[in-house]
Structures are given as structure tokens and as C-alpha cells.
Amino acid sequence: RGGLSNNPAVVATVGKGVVIGEMSLVNDQPHTMSVVAIEETHVAVISKQEFKRRFDEMDPIMKGVLKIIVERFCLVTEQSAKQEEVNWHDWNKVN
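Per chain, residue numbering runs from 1 following the sequence as it is written. Restriction of local features to residues with pLDDT of at least 70 applies here, the model being predicted, together with a cutoff of 80 or more for giving and counting side-chain atom pairs; totals for whole chains, interfaces and linings are based on all residues. Side-chain descriptors were evaluated using all non-hydrogen atoms of the structure, hydrogens and water having been removed beforehand.

1. Points about the overall build of the protein
In this text, helices come from DSSP runs of H or I with a minimum length of four residues, and strands from runs of E with a minimum of two, each type numbered from the N-terminal end. Scanning the protein for helices and strands turns up four helices and zero strands. Put simply, the protein runs from its N terminus to its C terminus through helices and strands in the order α-α-α-α. Taking all 95 residues of the protein together, the buried fraction comes to 6%. By definition in these notes, contact holds between two residues if any of their heavy atoms fall within 4.5 Å. For the protein, long-range pairs separated by at least 24 residues make up 53% of all intrachain contacts whose partners lie at least 6 apart in sequence. Type-normalised accessible area, obtained with a 1.4 Å probe on protein chains alone, sets the label of each residue: buried when under 20%, exposed when over 50%, and partly exposed for intermediate values.

2. Quick word on the side chain of Lys 63
Along the chain, Lys 63 turns up in helix H3 (residues 60-82). Once residues within four sequence positions are removed from consideration, Lys 63 is found in contact with Phe 55, Asp 56 and Met 58.

3. Let's talk about the environment of Asp 59
Within the secondary structure, Asp 59 is located in the loop between helix H2 (48-56) and H3. The class for Asp 59 is partly exposed, based on a relative accessible area of 44%. Each polar contact in these results corresponds to two N or O atoms within 3.5 Å; when the atoms are within protein, one needs to be able to donate a hydrogen and the other to accept it, and residues that are neighboring in sequence are counted only if both atoms are side-chain atoms. At 3.0 Å, the side chain of Asp 59 and the backbone nitrogen of Met 62 are in polar contact.

4. Considerations on the layout of surface pockets
Points on a 1 Å grid, built from protein atoms alone, make a cavity when a 1.4 Å probe fits but cannot get out and make a pocket when they are open with protein on both sides within 12 Å along at least 5 of 7 lines; residues with an atom within 4 Å of a point are the lining residues. Grid points are joined across faces, edges and corners, and a volume is the space filled by probe spheres set on the points. Approximately 160 Å³ is the volume attributed to the second largest pocket. Along the walls of the second largest pocket sit Leu 25, Val 26, Asp 28, Lys 48, Phe 51, Lys 52, Phe 55, Asp 56, Lys 63 and Lys 67, which together make up its complete lining. Secondary-structure elements contributing two or more residues to the lining of the second largest pocket are helix H1 (22-27), H2 and H3. Broken down by element, the lining of the second largest pocket gets its largest block of residues, five residues, from H2. Its residues placed into classes, the lining of the second largest pocket shows four nonpolar, no polar and six charged. Amino acids outside the nonpolar list (Ala, Val, Leu, Ile, Met, Phe, Trp, Tyr, Cys, Pro) and the charged list (Asp, Glu, Lys, Arg) are all regarded as polar, and Gly is one of them.

5. Section: H3
Over its 23 residues, H3 runs 33 Å from end to end, which matches the ideal 33 Å to within 8%, given 1.5 Å per residue. The residue sitting at the N-terminus of H3 and contributing the capping side-chain oxygen is Asp 59; that oxygen lies 2.9 Å from the backbone nitrogen of Ile 61. To estimate how far a helix should reach, multiply one less than its number of residues by 1.5 Å.

By themselves, these observations are geometric and do not establish any function.
If you want it as C-alpha cells, here you go:
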């Protein structure tokens, strides 16, 4: 958030046709990651206003389902980031 960290990490390498930044448009939250192109890249940009206009035209049920999917994905991602690594050797002793 707010630029590159002091310890950047590669989370994914993507190619042609990939959509980036869509979740923050759906859930109106800040981006959780930054993107860096490693070669010459051509992009198509859609403004937040244009996305909102198209989103608002969606079938209300499908729009609600999409919002739920994004919220759940964000929740699971957040929870998995908070989990500590399991020491299976010690876990087996307890269980």
C-alpha cells in the first residue's frame, strides 16, 4: 500500500489478457499490492467512474453475488496472512 515496500516479493507473474486491480473497484478498498512490469507492456485502463457505471448496470442479483465473492476472498486472504506457520511436530504431540 502506498508504493513499493522495502521487501518486495513476487506474488505472481502474469501475462497477456490478465485483469489487475479489479477487487478494489468492486469492494472500494485500497489496493493490497503493487504491480511492476518486467518488460514492455501495453495496458488498457478503465476509470473508476466507468467501472462503476458498468457495474451499476449489472443484474442486481449478479452484482450482489459478485460482491459476496470478493468480500469472502478478501476475508480468507486476510485470515491466511495472519496465521502462523504450523509446527506439525509439536502439533502431533498435542493432538
